[in-house]
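# Inside the fold
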Amino acid sequence: TLIGTLDENGNTSFGAYSLIFPYYIAGKDYYAMVLECRNTSNTCRGLLRSGKCSINFLPYSKKNFKEHVKLGFPGDTPEEKMKDFKFHLEDGMSSKDSEEKFPKVISEAYQVFECTWVKELDNAQDDKIQEEYDGPYHDFNGITSKYGAHFILKIDHILMKEKYHDAI
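Counting starts from 1 at the beginning of each chain's written sequence and moves along it residue by residue. The predicted nature of this model means local features are confined to residues of pLDDT at least 70 and side-chain atom pairs, given and counted, to a pLDDT of 80 or more, with totals for whole chains, interfaces and linings taken over all residues. Hydrogens are left out, water is left out, and the side-chain values use all remaining heavy atoms of the structure.

## Brief notes about the overall build of the protein
Put simply, the rule is: The way it works is that DSSP assigns letters per residue, a run of H or I at least four long becomes a helix, a run of E at least two long becomes a strand, and they are numbered from the N terminus. The reference for a compact globule is 2.2 Å times residues^0.38; the radius of gyration itself is calculated from the C-alpha atoms. Note on classification: 1.4 Å probe, protein chains only; a residue is buried when its accessible area is under 20% of the maximum for its type, exposed when over 50%, partly exposed between these limits. We call two residues in contact when some of their heavy atoms are within 4.5 Å. The accessible surface values rely on the Shrake-Rupley method and a 1.4 Å probe; as for residues, cover is taken only from the protein chains in view.
Secondary structure summary: the protein contains 4 helices and 10 strands in total. In the protein, the order of α-helices and β-strands from amino to carboxyl end is β-β-β-β-α-β-α-α-β-α-β-β-β-β. Taking 168 residues into account, the globule formula puts the C-alpha radius of gyration at 15 Å, and the protein, at 15 Å, falls close to it. Counting only C-alpha atoms, the protein reaches 45 × 40 × 30 Å along its principal axes. Counting across all 168 residues of the protein, residues that qualify as buried make up 48%. Considering only contacts within the protein whose residues lie at least 6 apart along the sequence, 64% involve residues at least 24 apart. Roughly 9500 Å² of accessible area belongs to the protein as shown, and the carbon and sulfur atoms make up 52% of that amount.

## Considerations on the packing of aromatic side chains
Counted only if it meets this: Any two of the Phe, Tyr and Trp rings considered here, Trp counted by its six-membered ring, make a pair once their centres fall within 6.5 Å; the pair's planes then place it as stacked at under 30 degrees, edge-to-face at over 60, or tilted in between.
Enumeration over the complete set of coordinates arrives at 7 aromatic pairs. Taken together, a centroid distance of 4.9 Å and an interplanar angle of 50° make the contact between Tyr23 and Tyr24 tilted. Owing to a relative accessible area of 33%, Tyr23 belongs among the partly exposed residues under this scheme. Look at Tyr24 and you get buried, because its relative accessible area is 15%. Ring plane angle 65° and centroid distance 5.2 Å describe the contact between Phe57 and Phe113, whose orientation is recorded as edge-to-face. In this pair, Phe57 sits in strand S5 (residues 52–57) while Phe113 sits in strand S8 (residues 111–117), placing the two residues 56 residues apart along the sequence.

## Describing the side chain of Gln111
Examined against the element boundaries, Gln111 turns out to sit in strand S8. Looking at Gln111, the relative accessible area reads 16%, which means it is buried. Contact partners of Gln111, with chain neighbours within four places excluded, come to Ile55, Asn56, Phe57, Ile158, Leu159 and Met160.

## Here's the deal with the environment of Gly46
If you trace the backbone, Gly46 turns up in helix H1 (residues 42–50). In sequence terms Gly46 and Tyr17 are 29 residues apart; their C-alpha atoms lie 14 Å from each other. Once residues lying within four places of it in the same chain are set aside, the contact partners of Gly46 are Thr5, Leu6 and Gly51.

## Remarks on the nonpolar core
One recurring pattern in soluble globular proteins is that nonpolar side chains are buried together. The following threshold applies: Put simply, a nonpolar core is a bunch of buried Ala, Val, Leu, Ile, Met, Phe, Trp, Tyr and Cys residues held in one set by side-chain atoms that sit within 4.5 Å of each other.
Among the nonpolar cores identified, the biggest contains 22 residues, and Leu35, Ile55, Phe151 and Leu153 are the most heavily contacted of them. Going through the elements one at a time, strand S4 (32–38), H1, S5, S8 and strand S10 (148–160) are the ones with two or more residues in this core. Element by element, the count of residues in this core is highest for S10, at 4 residues. Sequence-distant contacts of Leu153, that is, excluding residues within four places in its chain, are made with Ile20, Tyr31, Ala32, Met33, Leu35, Leu47, Cys53, Ile55, Cys115, Thr116 and Trp117. By size, the runner-up hydrophobic cluster in this structure holds 12 residues, among which are Leu2, Leu71, Met82 and Val112.

Shown next, in the form of structure tokens:
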């Protein structure tokens, strides 16, 4: 998946992730995912900044895989990552429902989850962007260790292509 968040200028930036899993699938008023990431990543900073993201599921192909690898390098700024971005972007449903700014979604994705971080869980709402994070740490949501973060992401919208053809 490619996770889209907003950078400090309000532009969408993407990072490659495989550590994202279903979290709430029953017994709640909403569905949720959990994202595991470094607490110094652009994705973590984007979620701490705006509390919003898009989870873009792309079909496998060698061309797509090369783009995923490029977007997965830690340490690149959002501008560096997006410089030669190969996919096309569009507004998702969240942008149509609100005056707020939301991360764009990838047109080539066969499925996209538009999400909002449930920051109140585990009292993570006061977590801030820091160069070196020395706590406090949370048990399961927000900044969870000196190096890690877990984000419980409420799924606001699910966008799916009507028909998916795998073009490997």
